[in-house]
Amino acid sequence: MYSVIATAAVHGIAGMIVKVETDVTNGLPEFEMVGILSSEVKEARARIRAAIHNTGFLLPPKKVTVNLGPADVRKSGTGFDLPIALSVLAAYGFLQSEACGETLFAGEIGLSGQLRPVRGILPMVLTARDHGYTHVVIPRENEAEALMVQGMQIHPAGTLSEVIDWLNGKRTLAPGPINIEETPREEACVDFARINGQRVLRRACEVAASGMHNLLMVGPPGTGKTMVARALPGILPRLTEEERMELARIYSVSGRFEERKEHLYERPFRCPHYSVTATALVGGGRVAQPGEISLAHRGILFLDELTEYQKPVLEQLRQPLEERVVRLVRVSGVYIYPADCMLVGAMNPCGCGYYPDRSRCTCSPGDIRRHLRKVSRPLLDRMDMSVEVPRVKIGELTGEGRNESSEVIRARVEGAVRRQEQRYQGERFRYNSRIPADRIEAYCPMDSGARRLIEAAYEQLNLSARAYHRLIRVARTIADLAKSGEILEAHMREALLYRTMDEAVWR
Amino acid sequence: MDYRFWFANAQGISDREKRRLLQVFGREKEIFSLTEAQTEKLKLLSPRAREALLAARRDTGWQKKSGLLREQGISLVCWQDKEYPERLKNLYDPPYCLYVRGRLPPQEQKTVALVGARSCSEYGRAAAETIAGELALHGVGVISGMAYGIDAAAHVGALKARQSALKTVSSACDVPASTYAVLGCGVDVCYPAAHRRLYEQMVRTGGVISEVPLGCPPLRHFFPRRNRIISGLADAVVVVEAREKSGSLITADCALEQGKLVYAVPGRISDDLSCGANWLLSQGASVLYSIREFLRDLKVEKQEPEKLIENSLEKNERLVYSVLDFIPKHLETLLADTGLALEELLKVLYRLSELGCAKEIHQNYYIKSKVDS
């Protein structure tokens, strides 16, 4: 007999419908599976046989052929166990396969018949919806994830026998009470009210957050660079519904939905340790997985101790930072992961950390140059803003602050973001930091004072064309914060403050 | 000419032996045409020097090198030449020859050597630049070693002063060369390489000098010997900033042996960088406490009384200027010290740097950039 069951595979962060077909005939007993399967899918054979047996079915020895179509796409992952098992049962006649017509199944099965969670449930459910399916059966642990999709009947199940009972109309599979928080949780990140002093740095953060500019902080250890970075997500504009879904998909695909679940309304903050490998940072692996830069999508990728990262690893960031997506090419296809994040870096100005205070810094000019050169010029070119963080005086550190809270700062940031959204209606970009060079003239009008300043700076600081444009973009954001349509002299002067580190060092 | 170069270039023979040889034979050509047997009999040379002389005779590489002289416009000044600086002749161990790109300081020009630490503070840099600038304005030649830090600041200060002086004069000939560098490597080698622009500028408007054969890389042992030429060419030596064990102190020692005036710019006792200079003061070096007095000591009169900068500033500018120091201060500190808003402070700082009173020496760090004295 023949049966077909629908399931889905994940490719990049998109899902794709896969049909599991099974044919059972007389002949030499055999269990064959075809359809370019990776080893974990092939192993399903053993799991399914045991699970079906332990659920109480006896499979007479017959020739069983399972095909996963379309046959030209490589299938990997453990989510195929459940549909294969159901398909086999249906082909043997234990189930009515017609009952499964509008339902999509996914889940891993243990030998006892118990269902286990799988990665990528969210994109699978979204694909199911797009293809006109109305019901999905998934492992109970993946419930929260699947429930993010509106307009679908979600049926979480704990064991194979529950699914069979549901198909036979003997029971219902209803989702439990919704446990995703609907209200934003803010305590997770540091509040700016807790950061004393550092007025220049605070302001730089506000500007960077308003235009999604990449930010580099240079300063001695223990000056609060990390703390400030952790506070940054709290002043970024709130996530839109669309962004939230996009993020959930990425986390679902990488099997990290659980850790994301608690913070669905916050922008992600990722800070990989500097021993991170290139694969972990941008994504990849034998079975392609999103890397840290994709996990930081719409949020912040924080690289602390920038000089300590391996140079080849950092170089990998160049293309994703430019294109805002990671494109991984493998034999099995091209995987595309979104990677539109704000890069925040922190580093010491020199080996001993005291530079430019030469009376205390013991580094020779050569040492300092070597230290700074650990970060490549092209990567620095992608840092839109840079700010020096000084040591705080002890009084400022402990003084009970009349500091602005993140909430107040965020209100201004959101105002600036709204101005940008209005201005860039119909464009492909939304933030000032993303204005392409050829549109700068159109979107960044300057008054004569600002123009004079930037031109003088271009001469004196020996700026590259890229650095010149970067300065104008930052000035545009400062003007947006000041609710000014035109970039004024004061805005440009402030932008110059955040210019990327002295070009002379890399000459 | 070529024989002169061959003899100057011959290595392994001391300067003293070279002078003796020349006194005996009169011309370099005679020395070149000595046979092997004759050389072996030369009693005035040490056995090692005799070997070296024979080796130099056999070697043909020098001909290629001598082409460099003409190509790069390097002049060779030897002991017996009348261009050879009188000042050096009185040294205990004068160099036999000098390779010069550009020119040597004229005999009648007053010269001062400015030396100091490579990793200098901003205070040291500003002091060196200002002193060198004032000296150059008064026609005094500034000599240093083109190293990082104080050396470079001295050269830059002098070059800047010369450039501003050029603006008021009709022809460049009226302005004397302002600054000379003595190198510890071949005169055709730019060390440190980062000072290429400075090097080129000095070749054009001043002089780059070395006793080391052409093409020699900067070797450790050349530098202490180089220092005796720096002090030798100068009428006075000024140590701006030096750590406890510093090459600048060797220069000061040489200057004392040669009977030159030694000055030190005093520093705070808390600064490691001023330790060497302060030690010199304790040993009896003259205190360079005022540029005006220093010029008077050198018998050069200061031409115009300097206006006090502070008087020309507005209220906020004066406030910020008074808070600035030679120790770099971060914007954060300035915000706290002046109590101004960021926007206003930036405006004032921009104005001050236009006036040349403040300078952003490193991102977000500002210093005072004029020494009043």
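Reading the values: the criteria
- Residues numbered from 1 in each chain as written.
- Chains lettered and ligands numbered in written order.
- Predicted model: local features only at pLDDT ≥ 70, side-chain atom pairs only at ≥ 80, totals over all residues.
- Axes fitted to C-alpha atoms, helices over the stretch in contact; angles between N-to-C directions.
- Helix = DSSP H or I, 4+ residues; strand = E, 2+ residues; numbered from the N terminus.
- Parallel < 35°, antiparallel > 145°, perpendicular 65-115°, else oblique.
- Left-handed = near helix turned anticlockwise from the far one by under 90°.
- Contact = placed C-beta atoms within 7 Å.
- Nonpolar A, V, L, I, M, F, W, Y, C, P; charged D, E, K, R; others polar.
- Buried ≥ 20, exposed ≤ 12 C-beta atoms within 10 Å, placed from the backbone.
- Pairing = 2+ DSSP bridges.
- Domains from an automatic or database assignment.
- Expected span 1.5 Å × (residues − 1).
- pLDDT = per-residue confidence, 0-100.
- Core = buried A, V, L, I, M, F, W, Y, C linked by C-beta atoms within 7 Å.

Our focus in this paragraph is the packing of helix 21 (residues 465–481) of chain A against helix 22 (residues 489–497) of chain A. Residues and elements named next belong to chain A. Remark: helix 21 packs on helix 22, axes separated minimally by 8 Å, with the N-to-C direction vectors making an angle of 125 degrees. Considering the angle they form, helix 21 stands oblique to helix 22. The hand of the helix 21/helix 22 crossing is right-handed. Residues Leu-471, Val-474, Ala-475, Ile-478 and Ala-479 of helix 21 form the contact with helix 22, whose participating residues are His-491, Met-492, Glu-494, Ala-495 and Leu-496. Tallied by class, residues from the contact of helix 21 with helix 22 come to 8 nonpolar, 1 polar and 1 charged.

A few words now on the packing of helix 2 (residues 44–55) of chain A against helix 3 (residues 81–92) of chain A. All names here are of chain A. It is at 10 Å that the axes of helix 2 and helix 3 come closest, and there the two elements cross at 60 degrees. When the axis of helix 2 is compared with that of helix 3, the two are oblique. The two elements helix 2 and helix 3 meet at a crossing, and its hand is right-handed. Along its contact with helix 2, which presents Ala-44, Arg-47, Ile-48, Ala-51 and Ile-52, the element helix 3 presents Asp-81, Ile-84, Ala-85, Val-88 and Leu-89. Along the lines of polarity and charge, the residues of the contact of helix 2 with helix 3 split into 8 nonpolar, no polar and 2 charged.

What follows concerns the pairing of strand 1 (residues 2–11) of chain A. Residue and element names in this part refer to chain A. Judged by how many residues are buried, strand 1 sits mostly within the fold: 8 of 10 residues are covered. Of the strand pairs in this sheet, strand 1 and strand 2 (residues 14–25) are connected by 10 bridges, and their pairing is antiparallel. Of the residues in strand 2, the one forming a bridge with Val-10 is Gly-15. Between strand 1 and strand 2, which pair antiparallel in sequence order, lie 2 residues; one of them, Gly-12, sits at a positive phi of approximately 65 degrees.

Quick look at the domain arrangement of chain A now. All names here are of chain A. For chain A, the assigned domains read domain 1 (2–167), domain 2 (192–348 + 377–425) and domain 3 (435–507). A straight line from the C-alpha centre of domain 1 to that of domain 2 covers 38 Å. Across the contact, 14 residues belong to domain 1 and 16 residues belong to domain 2. If you list the elements that add at least two residues to the side of domain 1 that touches domain 2, you get strand 1, helix 4 (121–130) and helix 5 (143–146). A per-element tally of the side of domain 1 that touches domain 2 places helix 4 first, with 3 residues.

Counting residues at the interface gives 21 residues for chain A and 26 residues for chain B. Broken down by class, the residue content of the side of chain A that touches chain B amounts to 8 nonpolar, 5 polar and 8 charged.

Residue and element names in this part refer to chain B. Across its 12 residues, helix 11 (residues 222–233) extends 17 Å between first and last C-alpha, which sits within 8% of the 16 Å expected from 1.5 Å per residue. Along helix 11, the positions that sit buried rather than exposed are Arg-226, Asn-227, Arg-228, Ile-229, Ile-230, Ser-231, Gly-232 and Leu-233. Where helix 11 is buried, its residues touch helix 7 (86–89), strand 3 (111–115), strand 4 (141–144), strand 5 (179–182), strand 7 (236–239) and helix 12 (247–257).

Bringing the confidence of the model for chain A into the picture now. Low pLDDT means the predicted coordinates in that region are not meant to be read closely. Taken over all residues, the pLDDT of chain A has a mean of 87, while the share at 70 or more is 94%. When pLDDT is averaged over each helix and strand of chain A, the minimum, 58, is found for helix 17 (residues 394–398) of chain A and the maximum, 95, for strand 6 (residues 108–109) of chain A.

Turning our eyes to something else, we now look at the environment of Ser-66 of chain B. Residues and elements named next belong to chain B. Mapped onto the elements, Ser-66 comes out in helix 6 (residues 61–72). Residue Ser-66 is classed as buried on the basis of its C-beta count, with 21 C-beta atoms lying within 10 Å. Here the alpha-carbon distance between Ser-66 and Asp-2, two residues 64 residues apart in the chain, equals 7.0 Å. Dropping the residues within four chain positions of it, Ser-66 is found in contact with Asp-2 and Phe-5.

Turning our eyes to something else, we now look at the environment of Arg-292 of chain B. With respect to the helices and strands, the residue Arg-292 of chain B is situated in helix 14 (residues 291–297). By the C-beta count within 10 Å, which is 14 here, Arg-292 of chain B ends up partly exposed.

What follows covers the domain arrangement of chain B. Once the domains are mapped, chain B shows domain 1 (1–71), domain 2 (111–297) and domain 3 (309–368). Each of domain 2 of chain B and domain 3 of chain B has a C-alpha centre, and these two points are 29 Å apart.

This part is about the confidence of the model for chain B. Residue and element names in this part refer to chain B. In this model, chain B carries an average pLDDT of 87, and 94% of its residues clear a pLDDT of 70 or more. Ranking the helices and strands of chain B by mean pLDDT puts strand 7 first, with 95, and strand 11 (residues 358–362) last, with 82. Both confidence scores are given for the complex: pTM 0.75, ipTM 0.75.

All names here are of chain B. The first and last C-alpha atoms of helix 6 sit 18 Å apart over 12 residues, in line with the 16 Å expected at 1.5 Å per residue. Taking burial as the measure, the 12 residues of helix 6 include 1 buried ones, a minor fraction of the element. One or two positions beyond helix 6, positive phi appears at Gly-73, with a value near 60 degrees.

Attention shifts here to the sheet that holds strand 8 (residues 261–264) of chain B. Residues and elements named next belong to chain B. Taken in spatial order, the 9 strands line up as 1-2-6-5-4-3-7-8-9 in an open sheet, and their pairing is mixed. The open sheet has two edge strands, strand 1 (74–78) and strand 9 (286–287), and neither has a second partner. Direction of pairing for strand 8 relative to strand 9: parallel, over a ladder of 2 bridges. Pairing of Tyr-263 across the sheet is with Ser-286, part of strand 9. Set on the sheet, helix 1 (residues 2–9) makes contact with strand 1 and strand 2 (97–102); between it and strand 1 the angle comes to about 75 degrees. Contacts between helix 12 and the sheet are confined to strand 3, strand 7 and strand 8, with strand 7 contributing the most and set at about 155 degrees to the helix.

Once that is clear, we can look at the sheet that holds strand 10 (residues 329–330) of chain B. Sheet strands pair by backbone hydrogen bonding; their relative direction is either parallel or antiparallel. Residue and element names in this part refer to chain B. Spatially, the 3 strands line up as an open sheet ordered 10-12-11, and their pairing is antiparallel. The sheet terminates laterally at strand 10 and strand 11, the two strands that pair on one side only. Note: strand 11 against strand 12 (residues 365–368), 4 bridges, orientation antiparallel. When the sheet's bridge partners are listed, Glu-360 is paired in strand 12 with Tyr-366. Against the sheet, helix 17 (residues 342–355) engages strand 11 and strand 12, with an angle of about 100 degrees to strand 11.

Now for the nonpolar core. Within the largest apolar cluster, 147 residues are counted, with the highest numbers of intra-cluster contacts made by Ala-85, Leu-86, Ala-204, Leu-232, Met-385 and Ala-475 of chain A. For this core, the element with the most residues is helix 3 of chain A, which contributes 8 residues. Setting aside chain neighbours within four positions, we find Ala-475 of chain A in contact with Ala-450, Ile-487, His-491, Met-492 and Ala-495 of chain A. Grouped together as the second largest cluster of nonpolar side chains are 89 residues, Leu-45, Ala-127, Met-146 and Leu-233 of chain B included.

Residues Gly-69 of chain A and Pro-70 of chain A are joined by a peptide bond in cis, for which omega reads 5 degrees. Mapped onto the secondary structure, Pro-70 of chain A falls in the loop between strand 4 (63–69) and helix 3. Each neighbour pair has its own omega, and for Tyr-191 of chain B with Pro-192 of chain B the value is -5 degrees, a cis peptide bond. Within the secondary structure layout, Pro-192 of chain B lies in the loop between strand 5 and helix 10 (196–205). Phi is positive for Met-212 of chain A, close to 50 degrees, though the residue is something other than glycine. With respect to the secondary-structure elements, Met-212 of chain A resides in the loop between helix 7 (199–211) and strand 10 (215–218). A count of 25 C-beta atoms within 10 Å places Met-212 of chain A in the buried class. You will see that Met-146 of chain B, though not glycine, has its phi angle at about 60 degrees, which is positive. Relative to the assigned elements, Met-146 of chain B resides in the loop between strand 4 and helix 9 (150–168). For Met-146 of chain B, a count of 23 C-beta atoms within 10 Å corresponds to the buried category.

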